[in-house]
Amino acid sequence: MAKVRVRFAPSPTGYLHVGGARTVLFNWLFARNQGGDLVLRLEDTDTDRTVVDAAERIMESLRWLGIDWDEGPDVGGPYGPYRQSERREFYREHSKRLLEEGLAYECYCTPEELAKERELAKREGRPAGYSGKCRNLTKTERERLKTLGRRPALRLCVPSVGETVVEDLIRGSVSFENAEIGDFIIVKSDGMPAYNFACVVDDVLMKMTHIIRGDEHLSNTPRQIMIYRALGYELPQFAHVPMILAPDRTKLSKRHGAVSVEEFRDAGFLPEAILNYIALLGWSPQDGEEFMTKDEMVKKFSLQRVSSTPAIYDITKLGWMNGCYIRQKPTEELLNLTVPFLKDAGLVDDEFVRDRKTWLSEVIESVRDRVRTLAEVPDATSFFFAGDFVYDEAGVKKYFEKPDVLSILTRGRSSLENLESWDAQSIETTYRKVAADLGIKGGDLIHPTRLALTGRTAGPGLFVIMSLLGKAEVLKRLDRAIGWIQNKGTGRTPLVP
């Protein structure tokens, strides 16, 4: 049995989309599960759409996700080159053979003539495929058209009757009427190979055994099968994975949030969370487990468990899953991952990180259960770095406008001023005693204190916050809040928060 060989063949026209990431992941999982090879091939023959640095950015996104490949433009391999723009001689050889064997022919029709044909077919209710009028041109007619300056495209001779059946490992048998396909172009008039032709030639020469791709390519498959047969090559096995749709079941686009791997990375998602999530878009392991490492996914993956129905993209679930992965991260690793986001927010610099690494780790630890992405950490921790925040408006009405809040905060502050052991447990013991002495609930002291120290009504545990801020800063912020409340109560303008 031939060794399994699969490929991921993106066009370098933009970023790595979530759909492309899912496709390459399924190929990678299948190859690793079967002990096979994954080939990275860049389909860059569409020069008008190719973006200069897109290929490198796609490869960088794959590396960030933790997906490697056995052959490709950067690592080489026995069946290179791995950029279609460098493989034109292979396409010329194969197209020449088809032309010489009478399985393809030169077409001199202009774009305007083809447009008129399609319009006429539409008016008459016929399939809009090519009429085939250049198939039987005489040598004299071809020479005459050449003297007019027309450069021919090359079309494959397609049977006008019958059907072509795609035997798909996921969707089963799918039939296409040959008459609705018509003679299609395999080499464009500028000499560049059409997508379907280059794809087949490369898949054959690179010895692909399985073609695993999105089902938007299903309509291309009968054409590719015709090319395989015309060239006399054995067919690979096809597997078309379901589309990924937005929650409203429309085509996924930027209006639904991040859709590229780079956007996910910049938004603070972890690569292992993204891989885990997109693996479940159209596939599920037999044991129904949701959280899996890459090794576990490799062990469990099979094409038989891939669904034929569209998968629904849910950014909320991805955020939840990412938060779960954040909570599992070792402290030092989480710190290293978070620092770039804190730097971008202007909260820390290299010197701060170096001098206060332990404290910073504790600050991040205090919020790790409350964030879904790394990008949320700066906002969740900003009050630790500066006390010039504005008090939450709803919190002010709920806690600072209570008639006895001044006496409660003042009593709390006094209890802290003489506290010698400054740690969360000692602070909590002291605060609980104050509440008991005042005959109030703990929350009546804790909630306004939290607002005074953070400007917020929710966050990490208050006593953890107080221990991390330090005694001097806590007293300073309590004084600020007490002064703010006093000024507001007298009708004077409150201190600028």
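Computed from a prediction, not measured in an experiment: that's the story for all the values here. (Residues numbered from 1 in each chain as written. Predicted model: local features only at pLDDT ≥ 70, side-chain atom pairs only at ≥ 80, totals over all residues. Heavy atoms only, no water.)

### A word on the side chain of Ser361
Thought 1: Note on placement: Ser361 falls in helix α14 (residues 357–367).
Thought 2: Ignoring sequence-local partners within four residues, the contact set of Ser361 consists of Thr331 and Leu335. (Helix = DSSP H or I, 4+ residues; strand = E, 2+ residues; numbered from the N terminus. Contact = heavy atoms within 4.5 Å.)

### Things to note about the packing of helix α17 (residues 405–417) against helix α19 (residues 442–454)
Thought 1: Interhelical geometry of α17 versus α19 gives an angle of 85° and a closest axis separation of 10 Å. For the element pair α17 / α19, the angle class is roughly perpendicular. Facing Val405, Ile408, Leu409 and Gly412 of α17, the residues of α19 in contact are Asp444, Leu445, Pro448 and Thr449.
Thought 2: Within the contact of α17 with α19, the residues separate by chemical class into five nonpolar, two polar and one charged. (Axes fitted to C-alpha atoms, helices over the stretch in contact; angles between N-to-C directions. Parallel < 35°, antiparallel > 145°, perpendicular 65-115°, else oblique. Nonpolar A, V, L, I, M, F, W, Y, C, P; charged D, E, K, R; others polar.)

### Details of unusual backbone geometry
Thought 1: Backbone torsion omega between Gly80 and Pro81 reads 0°, so that peptide bond is classified as cis.
Thought 2: With respect to the element layout, Pro81 can be found in the loop between α2 (54–65) and α3 (88–100).
Thought 3: Its identity as a non-glycine residue notwithstanding, Lys207 has a phi of 60°, on the positive side.
Thought 4: On the secondary structure map, Lys207 appears in the loop between α6 (195–205) and β8 (210–214).
Thought 5: Its identity as a non-glycine residue notwithstanding, Arg249 has a phi of 65°, on the positive side.
Thought 6: The topology assignment puts Arg249 in the loop between β10 (244–245) and α8 (261–266).
Thought 7: A relative accessible area of 56% means that Arg249 is categorised as exposed. (Buried < 20%, exposed > 50% of the residue type's maximum accessible area, 1.4 Å probe, protein only.)

### With respect to the packing of aromatic side chains
Thought 1: Per the stated rule, a full pass over the model turns up 16 aromatic pairs.
Thought 2: A ring pair is formed by Phe26 and Phe301, whose centres lie 5.3 Å apart and whose planes are at 50°; its orientation type is tilted. Remark: Phe301 occurs in the loop between α10 (294–300) and β11 (311–312) and Phe26 occurs in helix α1 (residues 18–34); sequence separation between them is 275 residues. Each member of the pair, Phe26 as well as Phe301, is classed as buried.
Thought 3: Three or more aromatic residues joined by ring pairs make a cluster, and in this case those are Phe352, Trp359, Phe383, Phe384 and Phe385.
Thought 4: A cation sits over an aromatic face here: Arg223 above Phe184, 6.0 Å from the ring centre.
Thought 5: Against the face of Trp359 rests Arg356, its NZ or CZ located 4.1 Å from the ring centre. (Phe/Tyr/Trp six-rings, centres within 6.5 Å; stacked < 30°, edge-to-face > 60°. Lys NZ or Arg CZ within 6 Å of the ring centre and 35° of its normal.)

### Some details on the layout of surface pockets
Thought 1: Volume-wise, the largest pocket comes out at about 1,200 Å³.
Thought 2: Put simply, the parts of the chain that give the lining of the largest pocket at least two residues each are β1 (5–8), α1, α6 and β8.
Thought 3: With four residues, α1 is the single largest residue contributor to the lining of the largest pocket.
Thought 4: Classifying every residue of the lining of the largest pocket by side-chain character gives 16 nonpolar, 13 polar and 11 charged.
Thought 5: Estimated volume of the second largest pocket: approximately 320 Å³. (1 Å grid on protein atoms, 1.4 Å probe; cavity = no way out; pocket = protein on both sides within 12 Å on 5 of 7 lines; lining within 4 Å. Points joined across faces, edges and corners; volume = space filled by probe spheres on them.)

### Some remarks on the packing of helix α12 (residues 331–344) against helix α15 (residues 377–385)
Thought 1: It is the contact of α12 with α15, at a shortest axis distance of 10 Å, that shows an interaxial angle of 70°. When the interaxial angle is binned, α12 and α15 end up roughly perpendicular. Every residue of α15 that contacts α12 at Thr338, Phe341 and Leu342 is listed here: Val377, Pro378 and Thr381.
Thought 2: Residues that form the contact of α12 with α15 fall into these classes: four nonpolar, two polar and no charged.

### Remarks on the pairing of strand β9 (residues 237–241)
In the case of a regular strand, side chains alternate between the two sheet surfaces.
Thought 1: Taking burial as the measure, the five residues of β9 include four buried ones, the bulk of the element.
Thought 2: Relative to β9, β8 is paired through five bridges, and the arrangement is parallel. Its bridge partner lying in β9, Ile211 is registered against Phe238.
Thought 3: As for the winding sense of the linkage, the β-α-β connection from β8 through helix α7 (residues 221–231) to β9 is right-handed. (Pairing = 2+ DSSP bridges. Right-handed = clockwise from strand over helix to strand, strands pointing away.)

### Brief notes about the environment of Gly191
Thought 1: Tracing the sequence through the fold places Gly191 in the loop between β7 (185–187) and α6.
Thought 2: Taking the C-alpha atoms as reference points, Gly191 and Pro159, 32 residues apart in sequence, are found 24 Å from one another.

### Considerations on the pattern of salt bridges
Thought 1: The final tally for this structure, using the stated rule, is 39 salt bridges.
Thought 2: Residues Glu332 and Lys357 are paired through a salt bridge, measuring 3.5 Å at the closest nitrogen-oxygen approach. Of this pair, Glu332 sits in helix α12 while Lys357 sits in helix α14, and the two are 25 residues apart along the sequence.
Thought 3: Because the salt bridges share partners, they merge into one network encompassing Arg7, Arg41, Glu43, Arg87, Asp202 and Asp203. (Salt bridge = Lys/Arg side-chain N within 4 Å of Asp/Glu carboxyl O.)

### Considering the side chain of Glu71
Thought 1: Looking at where Glu71 falls in the secondary structure, it is placed in the loop between α2 and α3.
Thought 2: Within polar-contact distance, the side chain of Glu71 engages the side chain of Tyr82 at 2.6 Å.
Thought 3: Each residue touching Glu71, except ones within four places of it in the same chain, is listed here: Arg5, Asp37, Leu38, Val39, Leu40, Gly76, Gly77, Pro78, Tyr79 and Tyr82. (Polar contact = N/O pair within 3.5 Å; in protein donor to acceptor, adjacent residues only side chain to side chain.)

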